[in-house]
Amino acid sequence: MTAGQSIAYESMMPTFGFEYKKQPLDFQVLFGNSNPVTLEIGFGMGASLAEQAKIYPNRNFIGIEVHRPGVGALLVRMRDMELTNLRLISHDAVEVLGEMIADNSLSLVQLFFPDPWHKRRHHKRRIVKDEFVRLIRAKLTVGGHYHMATDWENYAQHMLRVMQGAKDWSNCSNSNDYVPKPDDRPVTKFQKRGEGLGHGVWDLMFVKESDSLDM
Ligand SMILES: C[S@@+](CC[C@H](N)C(=O)[O-])C[C@H]1O[C@@H](n2cnc3c(N)ncnc32)[C@H](O)[C@@H]1O
C-alpha cells in the first residue's frame, strides 16, 4: 500500500469497512437506510465502483476485494468524493456472500473482469461455476440482477454456459447471449487494459425469476 492508502485504511475502515464475521449483516444498521443494495465482487482499485456510488446516491454499495491496496485506494477516492453510500471488506467474496449476506437481500451483484485464468489447466480456478451462481441467486431478491463482464471470449462463453445450465434465471439479452454494455457500468481499469491488448468485451445480465428454489 502507498502511505496514503495505508492512512486511509487505518482511519476509514472503522467507519466505511466491516470485518469478516460468520454473522449476517443488517443493511439498515450498516447504511442507516433501507435503499437497495448493489454488491461488487473484486472491484480492483475501485474507480468504477466509486463512480457508480457518486452517480447513484439513493443506492447502497458493498465492495469486496481481497487486494488490500485496492481497498485503500477506494477509501482515498471515497474521502475525496465524499461518498457515504459505500461499504468495503477485504476478504474472500465467496465466504462473505455465504456467511454475511442474508438470502433475498441484494438488488444487483456485479462481477466485472474477474481473473480469467486463461490457461486451460487453470480454468477450474475461475470464480464463475455452478455453486457460485447458486450462491449469487440465493442472495438476490426476486427480480434482482446479476451482471458479469469479461474481456476474454472463452470466459464469456463459459459464463454463458454456466448460466444456461442454472435454474430460475432469465437472460436480459435479446439474442439469448450477451447484452450491450449498460450505460450505468463505467469502463473499468481491466476493461481498458483488455482493450489495449486488442480484446473484445462481453457483458452478461441475468434476472432472478422467482423464489421457487429457496425452500
Ligand atoms: C482482473 S481484476 C478486475 C478488477 C476490476 N473489477 C476491474 O475490472 O478493473 C480481478 C480482481 O478480483 C479480485 N478477486 C479475485 N478473487 C477474489 C475473491 N475471491 N474475493 C474478492 N476479490 C477477489 C482480485 O484481487 C482482483 O483485484
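Everything below is about the structure shown above.
Here's a quick rundown of the structure. (Residues numbered from 1 in each chain as written. Predicted model: local features only at pLDDT ≥ 70, side-chain atom pairs only at ≥ 80, totals over all residues. Heavy atoms only, no water.)

### Describing the packing of aromatic side chains
In step 1: Scanning the entire structure with this criterion turns up 2 aromatic pairs.
In step 2: Residues Phe 27 and Phe 31 carry aromatic rings whose centres are separated by 6.4 Å and whose planes lie at 70 degrees to one another, so their mutual orientation is edge-to-face. Pair noted here: Phe 27 and Phe 31 are both in helix 2 (residues 27-31), with a separation of 4 residues, about one helical turn. Accessibility assignment for this pair places Phe 27 and Phe 31 in one class, buried.
In step 3: Pairing Tyr 146 with Trp 169 gives two aromatic rings, centres 5.8 Å apart and planes at 45 degrees, and the pair type is tilted. Of this pair, Tyr 146 sits in strand 5 (residues 140-150) while Trp 169 sits in strand 6 (residues 169-171), placing them 23 residues apart in sequence.
In step 4: Trp 169 gets classed as buried once you look at its relative accessible area, which sits at 11%. (Phe/Tyr/Trp six-rings, centres within 6.5 Å; stacked < 30°, edge-to-face > 60°. Helix = DSSP H or I, 4+ residues; strand = E, 2+ residues; numbered from the N terminus. Buried < 20%, exposed > 50% of the residue type's maximum accessible area, 1.4 Å probe, protein only.)

### A few points about the pattern of salt bridges
In step 1: Enumeration according to the criterion identifies 5 salt bridges in this entry.
In step 2: Of the charged contacts in the structure, one is a salt bridge between Asp 184 and Arg 59, with a shortest N-O distance of 3.9 Å. Here Asp 184, found in the loop between strand 6 and helix 8 (189-196), pairs with Arg 59, found in the loop between helix 3 (47-55) and strand 2 (60-64); they are 125 residues apart in sequence, far enough to count as distant.
In step 3: Its salt-bridge partner being Asp 168, residue Arg 137 comes within 2.7 Å of it at the nearest N-O pair. With Arg 137 in helix 6 (residues 130-139) and Asp 168 in the loop between helix 7 (153-165) and strand 6, the pair connects residues that are 31 residues apart, well separated along the chain.
In step 4: The class of Arg 137 is buried, set by a relative accessible area of 5%.
In step 5: We classify Asp 168 as buried; its relative accessible area is 17%. (Salt bridge = Lys/Arg side-chain N within 4 Å of Asp/Glu carboxyl O.)

### Focus: the environment of Trp 117
In step 1: Looking at the secondary structure, you find Trp 117 in the loop between strand 4 (106-112) and helix 6.
In step 2: Since its relative accessible area comes to 32%, Trp 117 is described here as partly exposed.
In step 3: Each C-alpha atom, one on Trp 117 and one on Arg 193, is 16 Å from the other, the two residues being 76 residues apart in sequence.
In step 4: Apart from residues lying up to four places away in sequence, Trp 117 is in contact with His 122, His 123, Arg 125 and Arg 126. (Contact = heavy atoms within 4.5 Å.)

### Quick notes on the site of the ligand
In step 1: Near the ligand you find 15 residues, and of these Gly 42, Glu 65, Asp 92, Phe 112 and Thr 188 are the closest.
In step 2: In the model, a nitrogen atom of the ligand is placed 3.4 Å from a nitrogen or oxygen of the Val 66 main chain.
In step 3: Contact distances for the ligand include 3.5 Å between an oxygen atom and a backbone N or O atom of Lys 189.
In step 4: Relative to its unbound accessible surface of 590 Å², the ligand loses 85% to contact with the protein. (Near = heavy atom within 4 Å. Polar contact = N/O pair within 3.5 Å; in protein donor to acceptor, adjacent residues only side chain to side chain. Areas by Shrake-Rupley, 256 points an atom, 1.4 Å probe, with all protein chains shown as cover.)

### Examining the sheet that holds strand 3 (residues 86-89)
In step 1: One open sheet holds the 7 strands; their spatial order is 3-2-1-4-5-7-6, and the pairing between them is mixed. Across the chains shown, the open sheet's two edge strands, defined by having one partner strand only, are strand 3 and strand 6. On average, adjacent strands in this sheet sit at an angle of 20 degrees to one another, irrespective of strand direction.
In step 2: Sheet topology places strand 6 next to strand 7 (residues 202-208); 3 bridges connect them, and they run antiparallel. Its bridge partner being in strand 7, Ser 170 is matched across the sheet by Val 207. (Pairing = 2+ DSSP bridges. Axes fitted to C-alpha atoms, helices over the stretch in contact; angles between N-to-C directions.)

That is the geometry; function is a separate question.
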